[in-house]
Amino acid sequence: MTGGGNPPHSQKRRGNILRRPVIAGNWKMYKTREETRAFFEAFKPLVAGTHSCEIIVAPPFTSLAAAAETVRGSNIAIAAQNAHWEREGAFTGEISMRMIADCGAEAVIIGHSERRQYFGETDETVNRKLKAALAAELTPIVCVGESLAEREANMTHAVLKRQFDGGMAALTAEDFSRILLAYEPVWAIGTGKTATPEIAEEVHRYLRGLAAEHFSPEQASAVRILYGGSVKPDNIKALMAEAEIDGALVGGASLDPKSFAAIVNF
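All figures in this text were calculated on a predicted structure; none of them were measured in a lab.

## Examining the environment of Ser-113
Note on placement: Ser-113 falls in helix α4 (residues 113-119). Given the relative accessible area of 8%, Ser-113 is considered buried. Measuring from C-alpha to C-alpha, the distance between Ser-113 and Gly-93 comes to 20 Å, with 20 residues separating the pair along the chain. Apart from residues no more than four positions distant in its own chain, Ser-113 is found in contact with Glu-184, Val-186 and Ile-189.

Here it is as structure tokens:
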């Protein structure tokens, strides 16, 4: 998940630090195992020559192993959409970080707005899951974002600071260097609304400032921050043109091989 190889032309430069873009797809509660295999058989040839960004796909738990098997040897990494913070135990219906790693996942989404809104995810549980993911050698994709009411009340920065402070509590600089951040304005998820590139850029810059305060300017310059919220083939170029936007966490548009490939090949 580090990118490796020669720096592609699309990497963002901040001082002497290069940040390789990441395009991640979050399938949410879609696709069976056979549908997953069919997707990747169609998708792999469309991105086989893509080296300008890292590609991550997060299928549902039931398709993790099938996805990992189908993409083996390709330039695609697999992520889980959630996991529990305990290694094992009496937690009916839950999946541990080591279980998803055992399925072949290399990353895990933590704190998605739908998990916060519908399933009681808090900044504290985000922090516990984040630490568990790092212990399991998984790359955490940590989501933050404000609701429409919070944005209209000019609370965006306050909400993001609370989520950042709580989610990153007691992390070392080394821990932080292994994280991907994702800014997901709740009002732009599944609504067809998208933050303008200028809005997203301002928020990403603010998040990078929080990282500098908590860790160091160097750590802040290196962290990759993705934008999530109705990302589509027709808006990815404008988003990626912004200096502080290092990639995207894509929802619905990642379900179709051609659509997602168009985003990956921005």
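## Overview of the nonpolar core
Membership of the largest hydrophobic core comes to 64 residues, with the highest contact counts inside it found for Phe-40, Phe-43 and Met-168. With 6 residues, helix α9 (residues 197-214) is the single largest residue contributor to this core. The residues touching Phe-40, leaving out its near neighbours within four places in the chain, are Trp-27, Pro-45, Val-57, Ala-67, Thr-70, Val-71, Ile-76 and Ile-78. In terms of nonpolar packing, the next biggest core, distinct from the first, is built from 14 residues, Ala-58, Ala-107, Ile-141 and Leu-180 among them.

## Topic: unusual backbone geometry
The phi torsion at Lys-31 lies on the positive side, around 85°, for a residue other than glycine. Structurally, Lys-31 is set in the loop between β3 (22-26) and α1 (33-47). We classify Lys-31 as partly exposed; its relative accessible area is 22%. Of note in the backbone geometry, Ala-170 takes a positive phi value of approximately 65° without being a glycine. Along the chain, Ala-170 turns up in the loop between α7 (156-167) and α8 (173-176).

## A look at helix α2 (residues 64-71)
Burial analysis of α2 places 6 of its 8 residues in the buried class, the great majority of the element. When α2 is considered as a whole, its buried residues turn out to be Leu-64, Ala-66, Ala-67, Ala-68, Thr-70 and Val-71. Looking at the buried positions of α2, the neighbouring elements they touch are α1, β5 (76-80) and α3 (97-102). Following α2 by one or two positions, Gly-73 has its phi on the positive side, about 85°.

## As for the sheet that holds strand β10 (residues 247-250)
Ordered in space as β3-β4-β5-β6-β7-β8-β9-β10, the 8 strands form a closed barrel in which the pairing is parallel. Across the sheet, the axes of successive neighbouring strands diverge by a mean angle of 25°, strand direction being ignored. Where strand β4 (residues 54-58) meets β5, 3 bridges bridge the pair, whose relative direction is parallel. In the sheet register, Ile-55 faces β5, and the bridge partner there is Ile-76.

## Observations regarding the packing of aromatic side chains
Summed over all chains, the structure comprises 9 aromatic pairs. Look at Phe-176 and Phe-215: their rings are 4.3 Å apart centre to centre, the planes differ by 15°, and that puts the pair in the stacked class. Here the residue Phe-176 occupies a position in helix α8, and Phe-215 occupies one in the loop between α9 and α10 (217-222), the gap between them amounting to 39 residues. When sorted by exposure, Phe-176 lands in the same class as Phe-215, which is buried.

## Looking at the environment of Ala-238
Position of Ala-238 relative to the elements: it lies in helix α11 (residues 236-240). Note: C-alpha distance between Ala-238 and Phe-266 (28 residues apart in sequence) is 9.6 Å.

## With respect to the packing of helix α5 (residues 123-135) against α7
Two numbers describe how α5 lies on α7: the axes approach to 8 Å, and their chain directions differ by 40°. For the element pair α5 / α7, the angle class is oblique. Where α5 crosses over α7, the handedness of that crossing is right-handed. In this structure, α5 contributes Asp-123, Val-126, Asn-127 and Leu-130 to the contact, and α7 contributes Arg-162, Gln-163, Gly-166 and Gly-167. Its residues assigned to classes, the contact of α5 with α7 shows 2 nonpolar, 4 polar and 2 charged.

Definitions and limits used
- Residues numbered from 1 in each chain as written.
- Predicted model: local features only at pLDDT ≥ 70, side-chain atom pairs only at ≥ 80, totals over all residues.
- Heavy atoms only, no water.
- Helix = DSSP H or I, 4+ residues; strand = E, 2+ residues; numbered from the N terminus.
- Buried < 20%, exposed > 50% of the residue type's maximum accessible area, 1.4 Å probe, protein only.
- Contact = heavy atoms within 4.5 Å.
- Core = buried A, V, L, I, M, F, W, Y, C linked by side-chain atoms within 4.5 Å.
- Pairing = 2+ DSSP bridges.
- Axes fitted to C-alpha atoms, helices over the stretch in contact; angles between N-to-C directions.
- Phe/Tyr/Trp six-rings, centres within 6.5 Å; stacked < 30°, edge-to-face > 60°.
- Parallel < 35°, antiparallel > 145°, perpendicular 65-115°, else oblique.
- Left-handed = near helix turned anticlockwise from the far one by under 90°.
- Nonpolar A, V, L, I, M, F, W, Y, C, P; charged D, E, K, R; others polar.

Such coordinate-based values are descriptive only and should not be taken to indicate function.
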